[in-house]
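# Close look at the chain arrangement
Here are the chains, one letter per residue:
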Amino acid sequence: SSVEGMSNSLLEAMSLAKLCVVSDIDMNTMLILNNDNGYVFTVGDSESFARVVATVSISGSRAGEKAQKLIYDKYNIGRIASKYERLIKSVVNEK
């Protein structure tokens with residue numbers, strides 16, 4: 001699809017250092033930087049997808065390790081819990 005929220009499957013794959021190839025929808029490109037911590041292809045463009053797959057299969061990659069580091073640094077449970085705590089406190093304080 002051309003519109004989705006943040007994919008839990010993508011977050012889980014990244015946390016396991018799996019190589020991720022994703023479409024260029026906004027939430028994916030917030031997580032995956034093309035040719036850095038994964039690979040991005042254009043939605044609906046099979047040639048773009050084929051180029052990415054060919055690139056990955058020829059060159060190999062350490063992108064999965066970079067993706068894992070991003071998850072541990074930015075999306076770890078402590079950081080997410082802290083953000084929720086601040087959000088809840090701000091809502092409670094508004095009332």
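One can find the structure itself at the top, above this paragraph.
Notes on the structure in this doc start here. It should be emphasised that the depicted structure is a prediction, and the values quoted were computed from it without experimental measurement. (Residues numbered from 1 in each chain as written. Predicted model: local features only at pLDDT ≥ 70, side-chain atom pairs only at ≥ 80, totals over all residues. Heavy atoms only, no water.)

When helices and strands are tallied, the protein chain shows five helices and two strands. Tracing the protein chain from N to C terminus, the helices and strands come up as α-β-α-β-α-α-α. The globule rule puts the C-alpha radius of gyration for 95 residues at 12 Å, and the 16 Å found for the protein chain is more than 25% above it. With 95 residues in all, the protein chain has 23% of them scored as buried. For the protein chain, the proportion of contacts with a sequence separation of at least 24, taken over those separated by at least 6, is 38%. (Helix = DSSP H or I, 4+ residues; strand = E, 2+ residues; numbered from the N terminus. Rg over C-alpha atoms; globule rule 2.2 N^0.38 Å. Buried < 20%, exposed > 50% of the residue type's maximum accessible area, 1.4 Å probe, protein only. Contact = heavy atoms within 4.5 Å.)

Turning to a positive patch on the surface, a few remarks are in order. A cluster of like positive charges, contributed by Lys74, Arg79, Lys83 and Arg86, occupies part of the molecular surface. Looking at which element gives the most residues to the positive patch, the answer is helix 5 (residues 77–94), with three residues. Mapped onto the elements, Arg79 comes out in helix 5. The class of Arg79 is partly exposed, set by a relative accessible area of 40%. (Patch = residues over 30% accessible without salt bridge, like charges linked within 9 Å, V, L, I, M, F, W, Y side chains within 5 Å. Areas by Shrake-Rupley, 256 points an atom, 1.4 Å probe, with all protein chains shown as cover. Salt bridge = Lys/Arg side-chain N within 4 Å of Asp/Glu carboxyl O. Lys, Arg positive; Asp, Glu negative; His and termini not counted. Charge placed at Lys NZ, Arg CZ, Asp CG, Glu CD.)

Attention shifts here to the packing of aromatic side chains. One pass over the structure, following the stated rule, counts one aromatic pair. A ring pair is formed by Phe41 and Phe49, whose centres lie 5.0 Å apart and whose planes are at 70°; its orientation type is edge-to-face. (Phe/Tyr/Trp six-rings, centres within 6.5 Å; stacked < 30°, edge-to-face > 60°.)

In this section: the pattern of salt bridges. The final tally for this structure, using the stated rule, is four salt bridges. Its salt-bridge partner being Asp36, residue Lys66 comes within 3.1 Å of it at the nearest N-O pair. Within this pair, whereas Lys66 is found in helix 4 (residues 63–74), its partner Asp36 is found in the loop between helix 2 (26–31) and strand 2 (39–41), the two being separated by 30 residues in sequence. Residue classification places Lys66 among the partly exposed positions, given a relative accessible area of 44%. In this structure Asp36 comes out as partly exposed when scored by relative accessible area, which is 30%. The residue Glu85 makes a salt bridge to Lys89 at a minimum N-O spacing of 3.4 Å. On the criterion of helical spacing, the pair formed by Glu85 and Lys89 is a turn pair, its members being four residues apart in helix 5. The exposure class assigned to Lys89 is partly exposed, which follows from its relative accessible area of 48%.

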